[in-house]
Amino acid sequence: MKLVYVFDAYCGWSHGFSGTLSEIASRHPELPVEVVSGGLFTGSRRVPIREFGYVQGANAKIAELTGAEFGEAYERLIADGSFVMDSEAAARGVAALRQAAPARAAELAIALQHAFYVDGRSLSDPGTYRKLAEEAGLDADAVVGAFEGSEVRVAAGADFHRAASLGVTGFPTLLAVDGTSVTTLAHGHGIADEIDRLLAALPTH
């Protein structure tokens, strides 16, 4: 059995779930975590952030419910309103980081969201991935090279397809996958103890 975490790096609720994901991963080192990008802001949804009028209200609710931090640099991006969230670029970044350290995919996904929601860094900027790679002790040149290459474009598309094939319609979603058996452990937000109870009830665990 493994855990499959379907998220979008530009999803505030996914950022809010970071603490729970980290806790579950540390409690269950025996369970590999597959990280899949969802594709929230693609196509016609790639528009300036000001067009999503609900963002600040949603963030306040996320912070209240999960304790997630939203940094000053990020708040300035929201206030300016011209920033465009591009989930395809973020998914390429997730794929580049995942390729460099597959076993650390969950940790790196959390760091990527911190880069945006706390440090206000664009997930379309190669420099963001250079900084993340350096901080994680990875080969920064390799990560940036992968982010700018064609292979991760294919990987991003494959992620979007995998999210859809798993029946995921909202982010974040945490699944337990055992062969063809797929169990939803959390959707939107969740508490580690509740997820543990669901895991303990699974016949294969």
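Preceding block: the structure.
Residues numbered from 1 in each chain as written. Predicted model: local features only at pLDDT ≥ 70, side-chain atom pairs only at ≥ 80, totals over all residues. Heavy atoms only, no water.

**Quick notes on unusual backbone geometry**
The omega torsion of the bond from Phe-171 to Pro-172 falls at -5 degrees, within 30 degrees of zero and hence cis. Relative to the elements of secondary structure, Pro-172 occurs in the loop between helix H9 (151–165) and strand E3 (173–178). (Helix = DSSP H or I, 4+ residues; strand = E, 2+ residues; numbered from the N terminus.)

**Let's talk about the layout of surface pockets**
When its volume is computed, the largest pocket comes out at roughly 200 Å³. Taken together, 15 residues line the largest pocket, and the ones lying closest to its centre are Tyr-10, Cys-11, Gly-12, Phe-41 and Tyr-54. Secondary structure elements with two or more residues in the lining of the largest pocket: helix H1 (12–16) and helix H3 (55–66). Counting residues per element, the lining of the largest pocket draws most heavily on H3, which supplies 4 residues. A per-class count over the lining of the largest pocket returns 13 nonpolar, 2 polar and no charged. The computed volume of the second largest pocket comes to approximately 160 Å³. Residue lining of the second largest pocket: Leu-21, Ser-22, Ala-25, Val-33, Pro-102, Ala-103, Arg-104, Ala-105, Ala-106, Glu-107 and Ile-110, and that is the complete set. Of all elements in the fold, only helix H2 (18–27) and helix H6 (105–117) reach the threshold of two or more residues within the lining of the second largest pocket. (1 Å grid on protein atoms, 1.4 Å probe; cavity = no way out; pocket = protein on both sides within 12 Å on 5 of 7 lines; lining within 4 Å. Points joined across faces, edges and corners; volume = space filled by probe spheres on them. Nonpolar A, V, L, I, M, F, W, Y, C, P; charged D, E, K, R; others polar.)

**Brief notes about the sheet that holds strand E2 (residues 33–37)**
If you walk across this open sheet you meet the 4 strands as E2-E1-E3-E4, and the pairing is mixed. Each of the sheet's edge strands pairs with one partner strand only, and the pair in question is E2 and strand E4 (181–187). Between one strand axis and the next, the sheet turns by 25 degrees as a mean value, whatever way the strands run. Note that E3 and E4 share 6 bridges and pair antiparallel. Along E4, the bridge assignment pairs Ala-176 with Thr-183. The strands that helix H5 (residues 87–100) touches are strand E1 (2–7) and E2; relative to E2, the one it contacts most, it runs at about 155 degrees. Against the sheet, H6 engages E1 and E2, with an angle of about 40 degrees to E2. (Pairing = 2+ DSSP bridges. Axes fitted to C-alpha atoms, helices over the stretch in contact; angles between N-to-C directions. Contact = heavy atoms within 4.5 Å.)

**With respect to the pattern of salt bridges**
Under the definition given, this model contains 12 salt bridges. With its nearest N and O atoms 2.7 Å apart, the salt bridge here joins Lys-2 to Glu-34. Here Lys-2 is found in strand E1, whereas its partner Glu-34 is found in strand E2, with 32 residues between them in sequence. Put simply, Arg-46 and Asp-86 hold a salt bridge, and the shortest N to O gap is 3.1 Å. Of this pair, Arg-46 sits in the loop between E2 and H3 while Asp-86 sits in the loop between helix H4 (72–80) and H5, and the two are 40 residues apart along the sequence. (Salt bridge = Lys/Arg side-chain N within 4 Å of Asp/Glu carboxyl O.)

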